[in-house]
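An overview of the molecular structure
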Amino acid sequence: MPETAATADTRTPSGRLALAASPEKIALGPLDGRYQSAVAPLVDYLSEAALNRDRVAVEVEWLIHLTSNNVLPGAGPLTAAQQDQLRAIVTEFDAGSVAELADIEAVTVHDVKAVEYYIGRRLPAIGIENLTAMVHFGCTSEDINNLSYALGVKGAVEDVWLPAARSLVAQISAMAEENRAVPMLSRTHGQPATPTTLGKELAVIAHRLTRQLDRIEKTEYLGKINGATGTYAAHVASVPGADWQQVSKSFVEGLGLTWNPLTTQIESHDWQAELYADVARFNRILHNVCTDIWSYISIGYFAQIPVAGATGSSTMPHKVNPIRFENAEANLEISCGLLDVLGSTLVTSRWQRDLTDSSSQRNIGVAFGHSLLAISNVDKGLERLDVAEDVLAGDLDTNWEVLGEAIQMVMRAEAIAGVEGMENPYERLKDLTRGQRVDAARMQEFVQSLGLSPEAEARLLALTPGKYTGIADQLVDHLK
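Residues numbered from 1 in each chain as written. Predicted model: local features only at pLDDT ≥ 70, side-chain atom pairs only at ≥ 80, totals over all residues. Heavy atoms only, no water.

1. With respect to the pattern of salt bridges
- Enumeration according to the criterion identifies 25 salt bridges in this entry.
- Arg-353 serves as the salt-bridge partner of Asp-357, at 2.6 Å between the closest nitrogen and oxygen.
- By relative accessible area, which is 3% here, Asp-357 ends up buried.
- Using a relative accessible area of 22% as the deciding quantity, one classes Arg-353 as partly exposed. (Salt bridge = Lys/Arg side-chain N within 4 Å of Asp/Glu carboxyl O. Buried < 20%, exposed > 50% of the residue type's maximum accessible area, 1.4 Å probe, protein only.)

Here it is as structure tokens:
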């Protein structure tokens, strides 16, 4: 059969068979391929298409703002219908719009200029072709970009990332409440230590994560619109009678952002660095959660509920691997790496402007995507856990030596109260317990040999590792 265009394969320079005639149809990165469904909600906020839609929105609102406030002589308020038609340019922004913008940019070789022309094409149909010169009036590209990025990041955080993170913390908080009284052996430096409860340890996690989310929720999203070097020079030269600072301030605040009054050509991005540091800190705490839960699974504190039909190992059929937590670890590390780079890069700009921020900011969505994917994996991982209370209890029962702390502290209290024979309590417990396993009988025998007051002796004889948890269960109430 002769080879035709339909049957001919395409080879790479090294001879590999190309995967597709159109490479754009196959994702290069995992967020746009394997894990696309988990991060899809971010596309409406942090993709290139979303950035262009937000650019169109900022340009449209700037035109409406200027005309509504009679800033330029001869360009009075638009009718309500005209304003609606302008805003429809934004609400009707679709795949065709993305393609049209790409065609324009292929000629302009400038993404923001392409947006200006895209809007200008639509003004005749609205009956305001005479206002074409007002599109992008007084603006440098960064006036539009900084506001567009601020709107995109704000929307992504408030509408997508924060709700997902809050939901995960609520899940951990519910687990803390459910297991508030389940005793568990602590391990400091990996060694048996004063018992706690599983619920209290989960509450610590929830509390730590909540503090970071509260910080993130208070983020100020700054914006500016003040011209090529932040001086309003073109504005004043063209319309000297306008109060341009007030025009700028009211516009930025009208977008739901905080006005930055002092900038170079760019908004300084300090707020972004602050936000990304907080998100990275949340990520790192969550990473610690993953490693701890992974470790608890490995010693049997948690049992994993098998997923019907799933394979844990290609050769060992008995295995149920903690893959959700391992996957989350990796994605949190990638997210933190990107957020750290963004935070350190974006706060620096040579003199009044360089372009390093332009390429950097295009990776904001990737940084949040890996974090969101990790949150999803931890959520799914937690759903498949069962608490192995018998294992927890067994671990406590084989570590009676952890009561050494309680006994020596009671001896100290007895000595202060005047009870004889309470000398060197720490040293005596150290001799009994350090590096040794002590069972219940040996510990109770030791207690009875101390000469404690009857009340103190009875209290210690009733104590077991499982009961030596202080007020751990009550501490969970701090989550309310």
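2. Brief notes about the environment of Tyr-296
- Locating Tyr-296 in the fold gives a position in helix α12 (residues 270-298).
- Sequence separation between Tyr-296 and Val-387 is 91 residues; the distance between their C-alpha atoms is 10.0 Å.
- Not counting the four nearest positions on each side in its chain, Tyr-296 is found in contact with Met-184, Tyr-301 and Phe-302. (Helix = DSSP H or I, 4+ residues; strand = E, 2+ residues; numbered from the N terminus. Contact = heavy atoms within 4.5 Å.)

3. Considerations on the nonpolar core
- Of all hydrophobic cores here, the largest spans 107 residues; its most connected members are Leu-86, Trp-161, Trp-244, Leu-275 and Phe-368.
- Looking at which element gives the most residues to this core, the answer is helix α8 (residues 141-178), with 16 residues.
- Setting aside chain neighbours within four positions, we find Trp-244 in contact with Trp-62, Leu-66, Val-71, Leu-72, Phe-137, Tyr-232, His-235, Val-236 and Val-239.
- Counting 19 residues, the second-largest nonpolar core is a separate cluster that includes Ile-407, Leu-432, Leu-450 and Leu-460. (Core = buried A, V, L, I, M, F, W, Y, C linked by side-chain atoms within 4.5 Å.)

4. Regarding the packing of aromatic side chains
- Overall, the coordinates contain nine aromatic pairs when judged by the stated rule.
- Look at Tyr-296 and Phe-302: their rings are 6.4 Å apart centre to centre, the planes differ by 70°, and that puts the pair in the edge-to-face class.
- Put simply, the rings of Trp-161, Tyr-276, Phe-282 and Phe-368 touch in pairs and so form one group of aromatic residues.
- A cation over a ring is seen here: Arg-122 above Tyr-118, with NZ or CZ 3.7 Å from the ring centre. (Phe/Tyr/Trp six-rings, centres within 6.5 Å; stacked < 30°, edge-to-face > 60°. Lys NZ or Arg CZ within 6 Å of the ring centre and 35° of its normal.)

5. Overview of the UniProt feature "domain: Adenylosuccinate lyase PurB C-terminal" (unreviewed entry) in the protein chain
- In this numbering, the UniProt entry assigns the feature "domain: Adenylosuccinate lyase PurB C-terminal" (unreviewed entry) to residues 349-469.
- In the segment residues 349-469, helix accounts for 61% and strand for 2%; the C-alpha atoms at its two ends are 54 Å apart. (UniProt positions renumbered as here; feature names shortened; annotations may be inferred.)

6. Considering empty space enclosed by the protein
- As enumerated under the stated definition, the model contains two cavities of 30 Å³ or more in all.
- A volume near 50 Å³ is recorded for the largest cavity.
- Among the elements that make up the lining of the largest cavity, the one with the highest residue count is helix α19 (residues 440-448) (three residues).
- Considering only residue class, the lining of the largest cavity consists of seven nonpolar, one polar and no charged.
- In terms of lining, the second largest cavity is formed by Asn-146, Tyr-149, Ala-150, Leu-222, Glu-267, His-269, Trp-271, Gln-272 and Gln-361.
- Looking at the lining of the second largest cavity, the elements that each hand over two or more residues are α8 and α12.
- Among the elements that make up the lining of the second largest cavity, the one with the highest residue count is α8 (three residues).
- For the lining of the second largest cavity, the residue count by class is four nonpolar, four polar and one charged. (1 Å grid on protein atoms, 1.4 Å probe; cavity = no way out; pocket = protein on both sides within 12 Å on 5 of 7 lines; lining within 4 Å. Points joined across faces, edges and corners; volume = space filled by probe spheres on them. Nonpolar A, V, L, I, M, F, W, Y, C, P; charged D, E, K, R; others polar.)

7. A closer look at the layout of surface pockets
- Here the largest pocket is characterised by a volume of approximately 580 Å³.
- Taken together, 18 residues form the lining of the largest pocket, with Pro-192, Glu-401, Val-402, Thr-433 and Arg-434 sitting closest to its centre.
- Those elements that provide at least two residues to the lining of the largest pocket are β2 (191-197), α17 (404-416) and α18 (425-433).

8. Regarding the pairing of strand β1 (residues 183-188)
- In this sheet, β2 lies alongside β1 in antiparallel orientation, the contact comprising five bridges. Considered in β2, the bridge of Pro-183 is made with Thr-197.
- Counting the residues in the hairpin turn of β1 and β2 gives two residues, including His-189, whose phi is positive at 60°. (Pairing = 2+ DSSP bridges.)

9. Regarding the environment of Val-60
- Topologically, Val-60 is positioned in helix α3 (residues 48-68).
- Between the C-alpha atoms of Val-60 and Cys-139, which are 79 residues apart in sequence, the distance is 13 Å.
- Apart from residues no more than four positions distant in its own chain, Val-60 is found in contact with Leu-86, Arg-87, Val-90 and Ile-119.

10. With respect to unusual backbone geometry
- Even without glycine at this site, Asn-70 takes up a positive phi of about 50°.
- Relative to the helices and strands, Asn-70 resides in the loop between α3 and α4 (80-91).
- Residue classification places Asn-70 among the partly exposed positions, given a relative accessible area of 46%.
- Backbone geometry at His-269 places phi at a positive 70°, although glycine is not the residue there.
- Counting through the fold element by element, His-269 comes out in the loop between β4 (258-259) and α12.

11. Let's talk about α18
- All buried positions along α18 are accounted for by Pro-425, Leu-429, Leu-432 and Thr-433. On an axial view of α18, the arc spanned by its buried residues comes to 75°, and they lie on one face.
- Immediately beyond the C-terminal end of α18, within one or two residues, lies Gly-435, with a positive phi of roughly 70°. (Arc of directions from axis to C-beta.)

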